[in-house]
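# Chain and residue survey
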Amino acid sequence: MAKSLIWQGLVFCMALNVGDKAPDFELVDTDMKMRTLSEFNDKKIVLSFFVAASSPVCEKELCAFRDSWDEISQLGANVVAISNDGPFANKAFKEKHNYNFPILGDYQSKTIRDYDVLMPHLLHIKDYNAAKRSVFIINKDGTIGYKWVSDDPLVEPNYDEIKDFLKKGN
């Protein structure tokens, strides 16, 4: 969970940073199975939070991870994607594009909040919660080794930077 600070009775969520312990989670996958972060820690984890299943930029992002799967796997990492969509929307999205990694639904946005990547008003629609497009690389020891977060849902991560980080074997 993101660090929090309590001041005068108010709780302020502090962003996770490189070196912090990654919050564990239990989220539903596209086969209605509950999955946890810790079950993927046999390798590093490229944890991708995406805005919405079937949106054009999310398709492009997850297709980039799909198309780089062999290279990312050879670099010692698993890809896990999370959105606040439910398992049915995520399943249709996964099947349409033949994604070869788990897509998890955080329909209550708890994990999205724990990682401090909640976008509370997607495209200025009041109270339409979504995840900010973001990527965390979780080391095998459970600490965050890499972090990228965008406040603009139309901006994609730097895929070469992610692969370069994995190549360094940090």
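Note: the structure precedes this text.
Below, the structure is looked at part by part. (Residues numbered from 1 in each chain as written. Predicted model: local features only at pLDDT ≥ 70, side-chain atom pairs only at ≥ 80, totals over all residues. Heavy atoms only, no water.)

## A few points about the packing of helix α1 (residues 56-67) against helix α3 (residues 87-97)
Helix packing for two helices is described by the angle between their axes and how far apart those axes are. At a minimum axis separation of 11 Å, α1 and α3 run at an interaxial angle of 55°. Relative to α3, the element α1 is oriented oblique. You can see that α1 and α3 cross each other, and the crossing is right-handed. In this structure, α1 contributes Cys58, Glu59, Leu62, Cys63 and Arg66 to the contact, and α3 contributes Phe93, Lys96 and His97. Here the residues of the contact of α1 with α3 are counted per class, giving four nonpolar, one polar and three charged. (Axes fitted to C-alpha atoms, helices over the stretch in contact; angles between N-to-C directions. Helix = DSSP H or I, 4+ residues; strand = E, 2+ residues; numbered from the N terminus. Parallel < 35°, antiparallel > 145°, perpendicular 65-115°, else oblique. Left-handed = near helix turned anticlockwise from the far one by under 90°. Contact = heavy atoms within 4.5 Å. Nonpolar A, V, L, I, M, F, W, Y, C, P; charged D, E, K, R; others polar.)

## Structural notes on α3
Within α3, burial applies to Pro87, Asn90, Phe93 and His97. Along the axis of α3, the buried residues cluster in a sector spanning 125°; they form a single face. Exposed residues pointing more than 90 degrees away from the buried face of α3 are listed as Phe88, Glu95 and Lys96. Taken together, the buried residues of α3 touch β3 (26-28), α1, β6 (77-83) and β7 (103-105). (Buried < 20%, exposed > 50% of the residue type's maximum accessible area, 1.4 Å probe, protein only. Arc of directions from axis to C-beta.)

## Considering the environment of isoleucine 82
Relative to the elements of secondary structure, isoleucine 82 occurs in strand β6. Sequence separation of isoleucine 82 and alanine 131 is 49 residues, and the distance between their C-alpha atoms is 8.3 Å.

## What to know about the pairing of strand β5 (residues 44-49)
Most of β5 sits out of view: six of its six residues are buried. Here β5 pairs with β6 via six bridges, running parallel. Paired with leucine 47 across the strands is valine 80, a residue of β6. As paired elements, β5 and strand β10 (residues 134-138) share five bridges and run antiparallel to each other. (Pairing = 2+ DSSP bridges.)

## Concerning the pairing of β10
Each regular strand carries side chains that alternate between the two faces of the sheet. Most of β10 is tucked away, with five of its five residues classed as buried. Across the two faces of β10 the burial is the same, with Ser134, Phe136 and Ile138 and Val135 and Ile137 all buried. In the sheet, β10 pairs with strand β11 (residues 144-149) via five bridges, with the strands oriented antiparallel. From the neighbouring strand, serine 134 faces β11, where its bridge partner is valine 149.

By themselves, these figures tell us nothing about what the structure is for.
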